[in-house]
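# Survey of secondary and tertiary structure
Listed below are the residues making up each chain.
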Amino acid sequence: MRLTRLLTFRSIRSRSLRFLLSAFGIVLGVAGLLAIRSTNQAALGSISTLFQNTSGLAKLTVTSSAVDEAGFSEDILSSIQKLDKIKVIDPMVTIRTDLADKERSQELDIGLFGTSDGGLLLHGVVPALEQMTRNYKLVNGRFLSDDLKEREIVLVETYAEDEEIVVGDLIKIITPNGDKELKVVGLIARDGPGQTNNGSFGVIPIQAAQEMFNRSDNLDQIDIVPENSNPSTAELSALRVELQERIGKEYSVTYPSGQGERMTQMLQNYQIGLNFMSGIALFVGAFLIYNAFAMTVIERTREFGVLRTIGMSRSQVMGQVFIEASMLGVIGAGLGVVLGIFLARGLTRLMEVILNQQIDNVLVSSPDIMFSFLLGIGITFLAAGLPAIQAGRISPIEALRVRGKSKEGWIIRYGWIIGILLLGGSVFLLVLNPFPYDVQFRLGSITVFGLFTGATLLIPVTVGVWEIMVRPLMKWIYGASGSLGSRNVRRSRSRTTLTVAALMVGVAMVIMVRGMTESFSGDLKTWINAYLGGDIYVTSTVRLRNDVGNRIQSLDGVAAVTPIRYFNVDWKTPTGETETINFMAMDVTAYTQVTDFVFSGNTVDPQQAIENLKKGQTVFISSVLAEKYGLSLGNTVSLKSRGGYKDFLVVGIVVDFYNQGLVVQGDWETMRRYFNIRDASTFLVKVDEGQSVEQVQGVIDDLYGKRYHLNLISNETIRKSVVTLMDQAFSMFDVMALISIVVGSLGVINTLTMSVIERTQEIGMLRAIGTTRGQIIKMVLAEAALMGVIGGILGLGTGIVLARILFIGMTTMSGYQLTFVLPPEAIGISLVMALVISQIAAIPPAIRAARVRILEAVQYE
Amino acid sequence: MSVLEAKEVRKQYKMGEHLVNALDGVDFQVEKGEFVAIMGPSGSGKSTLLHLLGGLDGPTEGNIILAGQPLARLSERKATLVRRHNVGFVFQFFNLLPTLSAEENILLPVIIDGKDQRKYKERLNSLLELVGLTDRRHHKPDQLSGGEQQRVAIARALVTEPAILLADEPTGNLDSKTGTLIMELLNRSCNELDQTVIVVTHDAKAAAYADRVIFLRDGVIVEELKPPKSMPLAERLRGIMGTMEKLEA
């Protein structure tokens, strides 16, 4: 302990800055890991509890299996009632509407899962039954009375506050029969069922709903609460089968909680990227620690040599290094946990924006804290291990005889063999791709480490070659001092290697993040431009009749209008499962006048494909579906139409990320004929050439805005908000890249400071024989620049490969077929960046070198 | 004609709270082509004097005139340029750049000055011949012995034909045989190249090669020996050792 106090504590104190910097690496790694882990869990948890809460005690839900959204007859209730084991049969009518005198929105809420128009969702219910199914927390007034025809409503408290509604008010809502009044009798908490539709939600008596919205004797959904409130999976499954058999194929019986699963699945794609990044952040943290410890050991070579001479054992020396490591680990991981908890909060807010979904407060669980904490300490130990062993191996005589010059280890001399093997192995795994799907991605993560480590191990043997190649450039920039500085990188190859590797990781991260962002946003932007084609986006909180489109079409200044309708449809996948996907129907002729289809690849003649789509019973499928299920032109997809499953011929493959790409496109006629849907979700309006978009938007709004409850938004506005959303989603990746860059520059500072300390005498001599301070500074800058060049080039190479790994991983996992775009300027930027970082980071050590006192230095032994 | 002139040079250092007079009024001149040795016990101020003569440090009072240029109160940059063009340094620990070959190390002052190295080809060859390293010109410092490294350092100090060559204990890190060779080399550069050389040493044997020996004690010149050129080395050595004993007594 005394030894520790004398040696380790003092060593830490005298190198407190480096100690803090290395702790910083671990802090960031641990914080990132913990925050991402917790946020993911909170997001997933929120989504599933949301579905659990909003479905209450209902374990099964009956809906119509037709997709026309017309609902089904109440008669079915009687046949369900004949079943025993059921406690509550809770019928419901679902209505989308809005307050009649509400300011019409000029904004569209956009999230990762699509758009929300912010309208009011109403459930028409039987109050007694509904209260047995769901636990409404009344905060004001009373719940609905048992009179099913009473025009009254219970709203969510937060919604009422936003709309300045209090209990006792009469509110007007939009109905097909004009605006109708309802009396607000109570408010419920935004909790449990109050979370439905993000809180824009209310309940009204079922018959009142049916009357006001022309839904006589018609239901949308029946929730089933079984006798056994906590049935086993088998029991529930048996009940489901029994119920399904009784009511027939026209109805589907589903588990309400299952709805959350799809959302969760969607979220996973995003999380893959984040997890991958947090892994790399930890790797980078470990790297920083290794770097710092290796430096410390080089710096203390003489000290350790003396200690060994006076009788300290190898293990004692190693022990001292490990004690320092464990202190660093505990402090770093501890701070990391604290930072992680705060970071998780911030990340959650960001996630809320991205998902357009409220997430419950993050609960950072103690196992997670423990895990990240221990991982942080473990990694610190691992990273400090090699330097510790090196410290133990310092020979007393050598250390005393030659200042700071340690023998180059076998890793420096023979590491390239392992390096080549690792690189070869990684490339082999990548090309061969022996484990497709899930495993492949984990393998991808391994290859990341293989690549980084392999490339790092190749640096020592190639440093000479690099130096000779780049020296003329250094000479050109920095003159004679450039040439001197350039040669210096060959002197301590291990140290040069560490710095170059740090820069390499930084640049690779930037390349990867930029490449991914560019590729993703490139595809996404093409699609958004097509998807939000035209100039004005017309939507409504109530159903849009198709003739609204015709009316808009007839206005002056309007070039074309296309209706678009999205609806969910069951699809029998080629693997035999049933999946709910999205059907996007449009008037193909009008659509091509307003915007363009974005075909994936060059497999099809666009004109021909569009003609084929008009023929009917044909679809375009998204590239995501094509990739995920290996579908191509000429195949068929089996969709559940009103007459049961029908095959639709695939006549085109399009880029479409709507609903995470789980979407098919078809003609308006096809929709009418096979799915019996006639209304539109949105209209895309194209304005005549030369016409002002605002003006036309104003005309439409004045004429039809109020009448049809239209929300008119210029597509420019939406595109901007989508791009903002995308940027927000990608900003997390940028943060990770930034961390790597910081680490890279810390590496440069570390290395050069070490070099300057080590070469004090030499610098003194150079100054003595007439080298100016400026020349000394240039010399150090040249050394840094050379490392920057090597790190930049290697980083570029590994970055491209890494980005590809991530792409392959994401394509296999999600089916996103992304076009890998590496913007040429990114190559330039990353190289320039490596150079600039190296130069900025080299300034402090360069100044230190220039300030070397000649007198002290030349006597410095 | 004097190449170097020290006028009433004083140098004070602060050691903690005390002021130490390292040099306390030193006055002397050095003629072109002269070989001067500065001797004295530890703490006599001989290294301080050498640093002041080479423009590595400035005097507190007085002045030093090197090749007609006063060194006191020169800016840092001007002092650097004076060193670059007028002073050649030889250190105890050779101080060669490990990344450069012998030849490149010799040319280092030329490289630093941004001059065309090719113009120095002849000079380089004659220096390599002078120091006897023509066949080892491409070797790196770690492939050379201590004596060879010091010879490279001497060639480096001579390459720009400086007004003075200052050597700080040039034999201090060498065995006596190699030390003798180095001193003979400095002597030759004096005689053959008409180079002014000033050596600081506490080694009487090394000092015996000088035309003149200046003895310092407590920062002042206490004695000067100027044996005639014809006096044999052994006799000079006796004279020097006698003076040293007298001073240390």
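These figures come from a predicted structure and were not determined experimentally.

Here the focus is the pairing of strand 3 (residues 35–39) of chain B. Residue and element names in this part refer to chain B. Of all 5 residues in strand 3, 5 are buried; the element is thus mostly enclosed. Of the two faces of strand 3, the one lined by Phe-35, Ala-37 and Met-39 and the one lined by Val-36 and Ile-38 are each fully buried. Pairing analysis gives 4 bridges linking strand 3 to strand 8 (residues 196–200), with the strands arranged parallel. Within strand 8, the position partnered with Phe-35 by the bridge is Val-197. Relative to strand 9 (residues 212–217), strand 3 is paired through 4 bridges, and the arrangement is parallel. For Ile-38, the partnering residue across the bridge sits in strand 9 and is Ile-214.

All names here are of chain A. The residue Ser-481 is located in helix 14 (residues 438–488) in this model. You can call Ser-481 buried: its relative accessible area is 7%. The contact partners of Ser-481, leaving out residues within four places of it in the chain, are Gln-775, Lys-778, Met-779 and Ala-782.

Residues and elements named next belong to chain B. Taken in spatial order, the 6 strands line up as 6-7-8-3-9-10 in an open sheet, and their pairing is mixed. Looking at the sheet topology across the chains shown, the edges are occupied by strand 6 (87–90) and strand 10 (220–225). Averaged over all pairs of adjacent strands, the angle between their axes in this sheet comes to 20°, without regard to strand direction. Strands in contact with helix 6 (residues 176–193) are strand 3, strand 7 (164–168) and strand 8; relative to strand 8, the strand with the most contacts, it is inclined by about 150°.

The next point concerns the sheet that holds strand 2 (residues 18–31) of chain B. Residues and elements named next belong to chain B. Read across the sheet, 4 strands follow the order 2-1-4-5 without closing on themselves; strand pairing throughout is antiparallel. This sheet does not close on itself; its edge strands, each paired only once, are strand 2 and strand 5 (69–70). Across the face of the sheet, helix 1 (residues 46–53) comes into contact with strand 1 (2–15), strand 2 and strand 4 (61–66) while running at roughly 60° to strand 2.

Before going further, it helps to examine the confidence of the model for chain B. Taken residue by residue, chain B gives an average pLDDT of 87. The fraction at 70 or more is 100%. Of all helices and strands in chain B, the one with the weakest mean pLDDT is helix 2 (residues 76–86) of chain B (84), whereas strand 8 of chain B scores best (93).

The next point concerns a nonpolar patch on the surface. Among the surface-exposed residues, Tyr414(A), Trp416(A), Ile417(A), Ile420(A), Leu421(A) and Val461(A) lie close enough to one another that they form a single nonpolar patch of about 560 Å² accessible area. Relative to the elements of secondary structure, Ile420(A) occurs in helix 13 (residues 410–432).

Time to look at the environment of Leu684(A). Residue and element names in this part refer to chain A. Here Leu-684 shows up in strand 22 (residues 680–687). Note on Leu-684: relative accessible area 0%, which makes it buried. Counting along the chain gives 93 residues from Leu-684 to Tyr-591, while the straight-line C-alpha distance between them is 8.2 Å. Setting aside residues no more than four positions away along its own chain, Leu-684 makes contact with Tyr-531, Gly-533, Ile-536, Tyr-537, Ala-560, Val-561, Thr-562, Ile-564, Tyr-591, Val-594, Thr-595 and Asn-715.

All names here are of chain B. The sheet contact formed by strand 9 and strand 10 spans 5 bridges and is antiparallel. The partner of Ile-214 across the bridge, within strand 10, is Glu-224. Between strand 9 and the antiparallel strand that follows it, strand 10, lie 2 residues; Asp-218 among them carries a positive phi value of about 50°.

Below, the discussion takes up the packing of aromatic side chains. Aromatic ring pairs are reported here in terms of the distance separating the ring centres and the angle at which the planes meet. Residues and elements named next belong to chain A. Scanning the entire structure with this criterion turns up 15 aromatic pairs over all chains. Among the aromatic side chains, those forming a connected cluster through ring pairs are Phe-567, Phe-583, Phe-648, Tyr-674 and Phe-675. For the cation-ring pair, Lys-572 lies above Tyr-645, with the distance from its terminal atom to the ring centre recorded as 4.1 Å.

Here the focus is the confidence of the model for chain A. Residue and element names in this part refer to chain A. Mean pLDDT for chain A: 79, with 83% of residues reaching 70 or above. Looking across chain A, the model is least confident in strand 5 (residues 114–116), with a mean pLDDT of 52, and most confident in strand 8 (residues 152–156), with 92. Here residues 402–406 scores under 50 on pLDDT; set against residues more than four positions off or in separate chains, the count is 9 contacts. A low-confidence stretch, residues 436–441 stays under pLDDT 50, and its non-local contacts, those more than four residues away or across chains, total 11 contacts.

Listed by partner, the interface residues are 22 residues for chain B and 22 residues for chain A. Of the roughly 2300 Å² buried between chain B and chain A on both sides combined, carbon and sulfur atoms contribute 63%. Viewed at the interface, chain A and chain B are joined by 1 salt bridge. Residue Glu104(B) pairs with Arg487(A) through a salt bridge whose shortest N-O separation is 3.0 Å. Linking chain B to chain A there are 6 residue pairs in polar contact (both at pLDDT 80 or more). Residues that form the side of chain B that touches chain A fall into these classes: 11 nonpolar, 4 polar and 7 charged.

Residue and element names in this part refer to chain B. Relative orientation of the contacting elements helix 3 (residues 102–112) and helix 5 (residues 146–158) amounts to 30°, with a least axis distance of 7 Å. Taken together, the axes of helix 3 and helix 5 lie roughly parallel to each other. When you trace helix 3 past helix 5, the crossing you get is right-handed. Of helix 5, the residues touching helix 3 (which contributes Ala-102, Asn-105, Ile-106, Leu-108 and Pro-109) are Val-152, Ala-155 and Arg-156. Along the lines of polarity and charge, the residues of the contact of helix 3 with helix 5 split into 6 nonpolar, 1 polar and 1 charged.

Turning our attention to unusual backbone geometry. Residues and elements named next belong to chain B. Even without being a glycine, Arg-73 presents a positive backbone phi close to 55°. Looking at the secondary structure, you find Arg-73 in the loop between strand 5 and helix 2. Of note in the backbone geometry, Glu-161 takes a positive phi value of approximately 50° without being a glycine. Mapped onto the fold, Glu-161 is located in the loop between helix 5 and strand 7. Its relative accessible area of 55% is what places Glu-161 among the exposed residues.

Helix length check: helix 5 of chain B (13 residues) gives 19 Å between terminal C-alpha atoms against 18 Å at 1.5 Å per residue, within 8%. Residues of helix 5 of chain B that are buried include every one of Gly147(B), Glu148(B), Gln149(B), Gln150(B), Val152(B), Ala153(B), Ile154(B), Ala155(B), Arg156(B), Ala157(B) and Leu158(B), and no others. Those residues of helix 5 of chain B hidden inside the fold are in contact with helix 23 (760–768) of chain A together with strand 6, helix 3, helix 4 (121–131), strand 7 and helix 6 of chain B.

Residue and element names in this part refer to chain A. Under the counting rule described, the total for this entry stands at 28 salt bridges over all chains. Here Glu-152 and Arg-142 are joined by a salt bridge, their closest N and O atoms 2.9 Å apart. Taken as a pair, Glu-152 in strand 8 and Arg-142 in the loop between strand 7 (138–141) and strand 8 lie far apart in primary sequence, 10 residues in all. The partly exposed category is assigned to Arg-142, whose relative accessible area is 39%. Between Glu-611 and Lys-614 there is a salt bridge; the shortest N-O distance is 3.5 Å. On the criterion of helical spacing, the pair formed by Glu-611 and Lys-614 is a turn pair, its members being 3 residues apart in helix 18 (residues 606–614). Shared partners join several salt bridges into a network, and the residues in it are Asp-90, Glu-130, Arg-134 and Asp-223.

Conventions used here
- Residues numbered from 1 in each chain as written.
- Chains lettered and ligands numbered in written order.
- Predicted model: local features only at pLDDT ≥ 70, side-chain atom pairs only at ≥ 80, totals over all residues.
- Heavy atoms only, no water.
- Buried < 20%, exposed > 50% of the residue type's maximum accessible area, 1.4 Å probe, protein only.
- Helix = DSSP H or I, 4+ residues; strand = E, 2+ residues; numbered from the N terminus.
- Pairing = 2+ DSSP bridges.
- Contact = heavy atoms within 4.5 Å.
- Axes fitted to C-alpha atoms, helices over the stretch in contact; angles between N-to-C directions.
- pLDDT = per-residue confidence, 0-100.
- Patch = residues over 30% accessible without salt bridge, like charges linked within 9 Å, V, L, I, M, F, W, Y side chains within 5 Å.
- Areas by Shrake-Rupley, 256 points an atom, 1.4 Å probe, with all protein chains shown as cover.
- Salt bridge = Lys/Arg side-chain N within 4 Å of Asp/Glu carboxyl O.
- Phe/Tyr/Trp six-rings, centres within 6.5 Å; stacked < 30°, edge-to-face > 60°.
- Lys NZ or Arg CZ within 6 Å of the ring centre and 35° of its normal.
- Buried area = accessible area lost by both parts, 1.4 Å probe.
- Polar contact = N/O pair within 3.5 Å; in protein donor to acceptor, adjacent residues only side chain to side chain.
- Nonpolar A, V, L, I, M, F, W, Y, C, P; charged D, E, K, R; others polar.
- Parallel < 35°, antiparallel > 145°, perpendicular 65-115°, else oblique.
- Left-handed = near helix turned anticlockwise from the far one by under 90°.
- Expected span 1.5 Å × (residues − 1).

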